[in-house]
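Chain by chain, the residues run as shown.
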Amino acid sequence: MPYKSFEEYNMQVTDDVKNRYKSIISDLGEDTQRDGLLKTPERAAKAMQFLTQGYEQDPVAILKGAMFKESYNEMVIVKDIELYSLCEHHILPFFGKAHIAYIPNGYIVGLSKLPRIVDVFARRLQVQERLTEQVLDCINDTLKPQGVAVVIEASHMCMMMRGVQKQNSLTTTSGFRGQFEKIETRNEFLKLIGK
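Rules of the game
Residues numbered from 1 in each chain as written. Predicted model: local features only at pLDDT ≥ 70, side-chain atom pairs only at ≥ 80, totals over all residues. Heavy atoms only, no water. Pairing = 2+ DSSP bridges. Helix = DSSP H or I, 4+ residues; strand = E, 2+ residues; numbered from the N terminus. Buried < 20%, exposed > 50% of the residue type's maximum accessible area, 1.4 Å probe, protein only. Polar contact = N/O pair within 3.5 Å; in protein donor to acceptor, adjacent residues only side chain to side chain. Contact = heavy atoms within 4.5 Å.

Draft legend 1. Region of the structure containing the pairing of strand β2 (residues 76-87). Bridging between β2 and strand β3 (residues 93-103) involves 9 bridges; their strand directions are antiparallel. Of the residues in β3, the one forming a bridge with Ser85 is Phe94. Remark: 5 residues form the turn of the hairpin made by β2 and β3, two consecutive strands paired antiparallel; Ile91 in that turn has positive phi of roughly 55 degrees. Here β2 pairs with strand β5 (residues 125-126) via 2 bridges, running parallel. Across the sheet, Leu86 pairs through a bridge with Leu125, a residue of β5.

Written out as structure tokens, the structure reads:
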């Protein structure tokens, strides 16, 4: 069966945001009645709801829904997790990859849940530093592992399209808890993700 996309939107929010976008487009000097712009305010309103859907999602419930008792106590890594977010300063995209590791302490989690946690926090108005910390703390506080590590590498359109206009810049943030605060464990993780 082919992939079917299904999106639901709060129609009251959609109508309100749509009218605001229509005003913004008009204030910028465009004709909102022009063919190409007729449906743009509604599309933009729906896009913004999609891009900020993380506010409506519970990352702890996602992790708890797939926790399994297991004696495995070595490093688990999910790397190169694509992420897309919106910078809260300019509401411009930033995008990149997250690398997550944890050392279980009696429980493992379904592997797909780690990228889902990244998405929950990324689908909010964000700064990369807070995003890194939120993912780290959510996994640490929910799974209570022996340690957690998160590294995020991202390109920010607010630096690439405007301002300093540095198209090849990349921002890296990291956070470590528990066993990953030890240099040897941290170095093993960084080596395994190719850093």
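Draft legend 2. Local environment of the side chain of Glu153. Inspection of the secondary structure puts Glu153 in strand β6 (residues 147-156). Judged by its relative accessible area of 11%, Glu153 is buried. In terms of polar contacts, Glu153 uses its side chain to reach the side chain of His99, at 2.9 Å. Discounting chain neighbours no more than four positions away, the residues touching Glu153 are Phe95, Gly96, Lys97, His99, Gln128, Leu170, Thr171, Thr172 and Lys195.

Geometry only, nothing functional implied.
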